[in-house]
Amino acid sequence: MPWERPANVPFPNVWWTFEAPDPDREDGALVTYRVEDLTEDRFDDAIKLYTEHFLDDEPLCSYGRVRHIPASYEEMLAFWHYLFSEKFTIVCYKEGSKEMVGANLLSVKMASDKHDLTDLIKTESMQKLVAVNEYMTDTVNLFERYGVDKYLTAYGLSVNSRYRGRGIATEILKARRPICRAFGLRLTSTNFTAIGSQIPAAKVGFTTDLEMQYDEFVKVNPTYTFDGIKSKSLKLMSLPIE
């Protein structure tokens, strides 16, 4: 049975606030941003953010042309809505604006819960994406390594291209600590697929459990080829929560 958000944790909740440069100010003045729970009235905006600022930038989705293959895109939409319904996804806004600055698709993975994605994921491009990510987590076995029975994971960190270069990704990742503490989780771990997310993760304190060069996956399975992919390696990175 999937893990549910604790009833005693307010929803929606603001998890993190920070200051960063405002792209709408020529003088580069700082403005306050907040990271909070995604609410149902903003589902369409989150879909727009991930469609326009994630699918063609994230290495595995870009390589698999997920946005441009209708069946794959429909599967991705179904997966996003599934994650939204869990009420773990967080989004970032600039104070005084309704524009969605960024988001992180969060979920809780349990040792006792075996998710079956066969009903959602049937296209070749999506199956390949899922397979390499599962290879990373299965190889490490985070439950045994960190002595936990559940942990907070994620399936995509996105920042609106208009706001990039301002440290937004790093700040969104910082929200993992207060979220884990509120949920009673002692670990958060994610497969970071590109240097643009791996560097912010390291700044926050994530350490690498396993790194695989994309051209090494063919040794795992001859069909896992990524010739010309826009990234060097995939890193499974974890952050224990004290």
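Procedures and definitions
- Residues numbered from 1 in each chain as written.
- Predicted model: local features only at pLDDT ≥ 70, side-chain atom pairs only at ≥ 80, totals over all residues.
- Heavy atoms only, no water.
- Buried < 20%, exposed > 50% of the residue type's maximum accessible area, 1.4 Å probe, protein only.
- Helix = DSSP H or I, 4+ residues; strand = E, 2+ residues; numbered from the N terminus.
- Arc of directions from axis to C-beta.
- Contact = heavy atoms within 4.5 Å.
- Phe/Tyr/Trp six-rings, centres within 6.5 Å; stacked < 30°, edge-to-face > 60°.
- Lys NZ or Arg CZ within 6 Å of the ring centre and 35° of its normal.
- Core = buried A, V, L, I, M, F, W, Y, C linked by side-chain atoms within 4.5 Å.
- Axes fitted to C-alpha atoms, helices over the stretch in contact; angles between N-to-C directions.
- Parallel < 35°, antiparallel > 145°, perpendicular 65-115°, else oblique.
- Left-handed = near helix turned anticlockwise from the far one by under 90°.
- Nonpolar A, V, L, I, M, F, W, Y, C, P; charged D, E, K, R; others polar.

(A) Quick peek at helix α7 (residues 176-183). For α7, the complete set of buried residues consists of R176, I179, C180 and F183. All buried residues of α7 project into a common sector of 95 degrees when viewed along the axis, lining one side. Those residues of α7 that are buried lie in contact with β1 (14-21), β3 (90-94), β4 (100-110), β5 (150-159), α6 (168-174) and β6 (187-192). Phi turns positive, to about 75 degrees, at G184, one or two residues after α7.

(B) Structural detail: the packing of aromatic side chains. Summed over the entire model, instances satisfying the criterion amount to 17 aromatic pairs. One aromatic cluster in this structure is built from Y63, Y135, Y214, F217 and F226. Positioned over the ring face of F226 is K128, at 4.7 Å from the centre of the ring.

(C) Quick peek at unusual backbone geometry. With an omega of -5 degrees, the peptide bond running from F11 to P12 counts as cis. Of note, P12 is situated in the segment before β1. Even without a glycine there, the phi angle at R65 is positive, about 50 degrees. Assessed through its relative accessible area of 48%, R65 is described here as partly exposed.

(D) Here's a closer look at the nonpolar core. In terms of nonpolar packing, the biggest core is built from 45 residues, with L55, M76, W80, F84, F217 and F226 touching the most fellow members. Discounting residues that sit within four places of it in the chain, M76 has contacts with L55, C61, V66, M126 and L129.

(E) Expanded view of the packing of helix α1 (residues 43-53) against helix α3 (residues 70-85). Running from amino to carboxyl end, α1 crosses α3 at an angle of 135 degrees, the nearest separation of the two axes being 11 Å. Compared by their axis directions, α1 and α3 come out oblique. Seen along the crossing, α1 lies across α3 with a hand that is right-handed. Two secondary-structure elements touch here, α1 through F43, A46, I47, Y50 and T51 and α3 through Y73, L77, W80, H81 and F84. Partitioned by chemical class, the residues of the contact of α1 with α3 number 8 nonpolar, 2 polar and no charged.

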